[in-house]
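Analysis of the macromolecular model
Next come the chains, spelled out residue by residue.
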Amino acid sequence: MALIGIDIGTTHCKAGLFREDGTPVRIASRPTETLRSPEGYAYYDPDRLWVTVASAISEAAAGGEAVDGVAAGAVSAIGVASMAESGLLVDRESGEPRSLFLPWFDPCAAAFADVVEAADDPLSRFAKTGLRASFKQGLTKLLWLKQRRPDAFRGAVWLSAADYIAYRLTGVMATDYTLAARTFAFDIAKADWDRDWIRHFGLPPDLFPDAFRCGTKIGRVTPEAAAACGIGSGAAVGVAGHDHVCAALAVGAVAPGDAYDSMGTAETLVGTVDASPLGAAEYESGLAYGLHAVRGRHFWMGGLSASGGSVEWLRSLLGDEPLDYGRVLAMLDRLSPEPTGILYFPYLSGSGAPQPDPKASGAFVGLKAAHGKAELMKAVLEGTAYELESIRRAAEKAAGRRIGSMVAVGGGTKNRHWMQIKADVSGCRIGKAGLPEATLLGAALAAGVAGGAYADAERAAEAAAASRSVEWVYPQAGRHERYRKLYEEGYMPLQGPLRLVYHTFS
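Residues numbered from 1 in each chain as written. Predicted model: local features only at pLDDT ≥ 70, side-chain atom pairs only at ≥ 80, totals over all residues. Heavy atoms only, no water.

Per an unreviewed UniProt entry, the protein goes by Carbohydrate kinase and derives from Paenibacillus flagellatus. Its UniProt record, at the heading Sequence similarities (unreviewed entry), says of the protein: "Belongs to the FGGY kinase family." (UniProt positions renumbered as here; feature names shortened; annotations may be inferred.)

Structural data, given as structure tokens:
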């Protein structure tokens, strides 16, 4: 069985053709075109997004020709994953857009986050949604749209990015649990929409599509969509869900205690726990929670919005032209493997879990005249590792379970110094997974569940195990102890005073 995974991302839309065992056959990528309205907010054009994705599918599937042993027209199932909180309103009958596509990162709806937060006790709402109120979420975006275009809501449906592409493929409007939850209007305890909560804001209770677990077949590729994508019609289609959660299938992080680290411009740590009612411990962790692709389990998630972004920022400052990665690695090679003693707080775009604070700012503490470019670069790597450690410890405390290893994916895994620092800071072994496109593979595995290749998501993850290779990096005990002291006696105690400064002068 040949499977296609789709990943609709903030900067790129990708499609990948995979065999049933998870082996990639061909991958295609297209830029995600971000536009600006006259008022200044960012948006995606729905039709352009569809054309972009259809073009990527056509290239990945070789336009219907036989490719690398996969017969022409052999695609059996398609899974669609995407960035989480981006969405639009469409007409329920015609499918025509009623609004522009609003991306997760645009703060146009920021004023409504306070409105939503004030409407319920934060802990009670967290117990239902696994989240705190944020401007990113679908509900705040909908309140912003309602203020501007109340007429657009009659007979409309809110679809996420993955939902919309799945609709264009099948003509069926549906979503999965992980994307539904990011609207802040979905009750994960009941796995259903919280219609009383939706009505509270004057919104139609049927504003959202039916929601299903990742890997559910919602429909089949129509002849019209097949022609646009250069594939045969009839393939099963499923909404694979939130990109980071979907990638958990690819790396095999599906059992309680498993965790994986997605290292990109932003960094996200995602783990698995047995499903249970959410309470004060989970709330106080600062982490986000949701329904896992595997039945009977939850995922937890924490992130740092400027991880690789901090590296890129410093690269651009250290030379007239950004330092290339070869020079960065060469600089790090010349340094001692011991801690720099510099504390870098990587909050160029605010801080996330376990201490979410949009007003947090970056800082270097402990600079000396002897420190140079190399020490600053290593300090940035150390600071992002300290922040990842704060997420890991928060997850351990909330779950009451040791996290002794993490599997990492993404561009940051190419930096061996960064990987070693993470291992030394955490005291955990860190695995570098040989998966250049984890979300795409996860989406393809979800497609396999929808198409009947695998009995469920857990079996899908097992089926791809042979295609995964993991190179482990182990902590050095002495360095771990020195990093532990810097973390516990420096990095964490300074959080309070620094945040006080941020809020005093913001």
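Some details on the domain arrangement of the protein
Domain assignment breaks the protein into domain 1 (2–245), domain 2 (249–302 + 396–473) and domain 3 (307–392 + 476–503). Taking only C-alpha atoms, the centre of domain 1 and the centre of domain 2 are 22 Å apart. Counting from both sides, the interface comprises 44 residues of domain 1 and, opposite them, 39 residues of domain 2. Between domain 1 and domain 2, the buried area comes to about 3300 Å², and carbon and sulfur atoms account for 67% of it. When residues of domain 1 are sorted by the area they lose upon contact with domain 2, Arg 213, His 244 and Val 245 head the list and together hold 20% of the total. Linking domain 1 to domain 2 there are 1 salt bridge. The partner of Lys 14 in a salt bridge is Glu 437, with the nearest N and O atoms 3.1 Å apart. At the boundary of domain 1 with domain 2, the tally comes to 9 residue pairs in polar contact (both at pLDDT 80 or more). (Domains from an automatic or database assignment. Contact = heavy atoms within 4.5 Å. Buried area = accessible area lost by both parts, 1.4 Å probe. Salt bridge = Lys/Arg side-chain N within 4 Å of Asp/Glu carboxyl O. Polar contact = N/O pair within 3.5 Å; in protein donor to acceptor, adjacent residues only side chain to side chain.)

Points about the UniProt feature "domain: Carbohydrate kinase FGGY C-terminal" (unreviewed entry) in the protein
What UniProt calls "domain: Carbohydrate kinase FGGY C-terminal" (unreviewed entry) maps, in this numbering, to residues 262–450. Taken end to end, residues 262–450 is 40% helix and 20% strand, and its first and last C-alpha atoms sit 25 Å apart. (Helix = DSSP H or I, 4+ residues; strand = E, 2+ residues; numbered from the N terminus.)

Section: empty space enclosed by the protein
All told, the structure shown has 7 cavities of 30 Å³ or more when counted by the stated rule. Approximately 70 Å³ is the volume attributed to the largest cavity. Lining the largest cavity are 15 residues; nearest its centre among them are Trp 158, Ser 160, Asp 163, Leu 179 and Thr 183. In the lining of the largest cavity, the residues fall into 7 nonpolar, 5 polar and 3 charged. (1 Å grid on protein atoms, 1.4 Å probe; cavity = no way out; pocket = protein on both sides within 12 Å on 5 of 7 lines; lining within 4 Å. Points joined across faces, edges and corners; volume = space filled by probe spheres on them. Nonpolar A, V, L, I, M, F, W, Y, C, P; charged D, E, K, R; others polar.)

Section: helix α5 (residues 161–170)
Of all 10 residues in α5, 9 are buried, a share of seventy percent or more. Three or more residues of α5 are buried, namely Ala 161, Ala 162, Asp 163, Tyr 164, Ile 165, Ala 166, Tyr 167, Leu 169 and Thr 170. Two residues or fewer after α5 comes Gly 171, characterised by a positive phi angle close to 80 degrees. (Buried < 20%, exposed > 50% of the residue type's maximum accessible area, 1.4 Å probe, protein only.)

Some points on the sheet that holds strand β6 (residues 75–82)
Pairing is mixed across the open sheet formed by 6 strands, whose spatial order is β3-β2-β1-β6-β14-β13. Both edges of this open sheet fall to β3 (24–31) and β13 (219–220), since each of them pairs with a single strand only. Pairing of strand β1 (residues 2–8) with β6 involves 7 bridges; the strand directions are parallel. Looking at β6, one finds that Asp 7 is bridged to Ala 81. This element, helix α1 (residues 46–60), spans β1, β2 (12–19) and β3 of the sheet and lies at about 155 degrees to β3. Across the sheet, helix α9 (residues 243–251) lies against β1, β6 and β14 (236–242), angled at about 110 degrees from β14, the strand it touches most. (Pairing = 2+ DSSP bridges. Axes fitted to C-alpha atoms, helices over the stretch in contact; angles between N-to-C directions.)

Re the pattern of salt bridges
Per the counting criterion, the structure on display carries 32 salt bridges. A salt bridge links Lys 422 to Asp 261; the nearest nitrogen and oxygen atoms lie 2.6 Å apart. Taken together, the residues span a long stretch of sequence, with Lys 422 in helix α14 (residues 416–426) and Asp 261 in strand β15 (residues 259–263) at a distance of 161 residues. Each member of the pair, Lys 422 as well as Asp 261, is classed as buried.

Some words on the layout of surface pockets
If a probe as big as a water molecule is rolled over the atoms, it shows which places are left empty. Within this model, the second largest pocket holds a volume of roughly 200 Å³. Lining the second largest pocket are Ala 281, Glu 284, Ser 285, Pro 354, Ser 390, Arg 393, Ala 394, Lys 397, Ala 398, Tyr 487 and Met 492. The greatest single-element share of the lining of the second largest pocket, amounting to 5 residues, is contributed by helix α13 (residues 373–399). Per-class residue counts for the lining of the second largest pocket are 6 nonpolar, 2 polar and 3 charged.

Remarks on the state of the cysteines
In total, this model carries 0 disulfides according to the counting rule given. For the unlinked cysteine Cys 108, the closest cysteine sulfur is that of Cys 13, found at 19 Å. (Disulfide = S-S within 2.5 Å.)

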